[in-house]
Amino acid sequence: MLQEQRRDNKGEKYVIGPTGAKLTLNDLPPAGTERWVIRRKAEVVAAVRGGLLTFDDACERYNITSEEFLGWQKAIENHGMAGLRTTRIQSYR
């Protein structure tokens with residue numbers, strides 16, 4: 001499911017993030033993030049879906065595998081943000 005990429009009145013690209021707020025490249029988790037909470041995973045998925053980052057850029061920027069990213073995406077599609085909880089992963093398989 002792709003999101004529509006938008007521009008604000010300053011011309012900055014954004015998408016609507018997982019919390020319903022505007023999400024720009026500056027709002028994304030910093031490159032090299034190691035602690036992945038649900039919100040951060042969902043923000044990266046939303047950024048790729050909206051075209052703020054390419055799939056390859058996201059994997060490289062965050063040092064994650066394509067399988068890991070696709071797993072996050074599938075979890076969101078099938079179970080919403082709750083599917084990203086690592087403590088509940090067995091419940092959603």
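Residues numbered from 1 in each chain as written. Predicted model: local features only at pLDDT ≥ 70, side-chain atom pairs only at ≥ 80, totals over all residues. Heavy atoms only, no water.

Student: How would you explain the environment of Asp27 if you had to name every residue and give the values?
Tutor: Relative to the elements of secondary structure, Asp27 occurs in the loop between strand E3 (22–23) and helix H1 (38–50). Classification of Asp27 as partly exposed rests on a relative accessible area of 39%. What Asp27 contacts, discounting residues up to four positions off in sequence, is Lys22 and Glu43. Within the structure, Asp27 has its side chain in polar contact with the backbone nitrogen of Thr24 (distance 2.9 Å). (Helix = DSSP H or I, 4+ residues; strand = E, 2+ residues; numbered from the N terminus. Buried < 20%, exposed > 50% of the residue type's maximum accessible area, 1.4 Å probe, protein only. Contact = heavy atoms within 4.5 Å. Polar contact = N/O pair within 3.5 Å; in protein donor to acceptor, adjacent residues only side chain to side chain.)

Student: Can you lay out the pairing of strand E2 (residues 13–16) for me, pointing to particular residues and giving the numbers?
Tutor: Two elements, strand E1 (residues 6–7) and E2, share two bridges in a ladder whose sense is antiparallel. Within E2, the residue paired with Arg6 across the bridge is Tyr14. Linking E1 back to E2 in an antiparallel pair, the connection comprises five residues, with Gly11 at a positive phi of about 85°. Across two bridges, the pairing between E2 and E3 is antiparallel. Across the sheet, the residue bridging to Val15 is Leu23, located in E3. Once E2 ends, the chain turns through five residues before running back antiparallel as E3, passing Gly20 with a positive phi of about 90°. (Pairing = 2+ DSSP bridges.)

Student: I'd like a description of the side chain of Glu43, backed by residues and values.
Tutor: Residue position: Glu43 is located in helix H1. The class for Glu43 is buried, based on a relative accessible area of 10%. Once residues lying within four places of it in the same chain are set aside, the contact partners of Glu43 are Pro18, Leu23, Asp27, Leu28 and Pro29.

Student: So what's going on with H1? Residues and values would help.
Tutor: Here H1 spans 18 Å end to end across 13 residues, near enough to the 18 Å set by a 1.5 Å rise per residue. Burial of H1 is extensive: ten of the 13 residues sit out of reach of the surface. Every buried residue of H1 is accounted for by Lys41, Ala42, Glu43, Val44, Val45, Ala46, Ala47, Val48, Arg49 and Gly50. On the buried face of H1, the contacting elements are E2, E3, helix H2 (55–62) and helix H3 (66–79). Phi turns positive, to about 85°, at Gly51, one or two residues after H1. (Expected span 1.5 Å × (residues − 1).)

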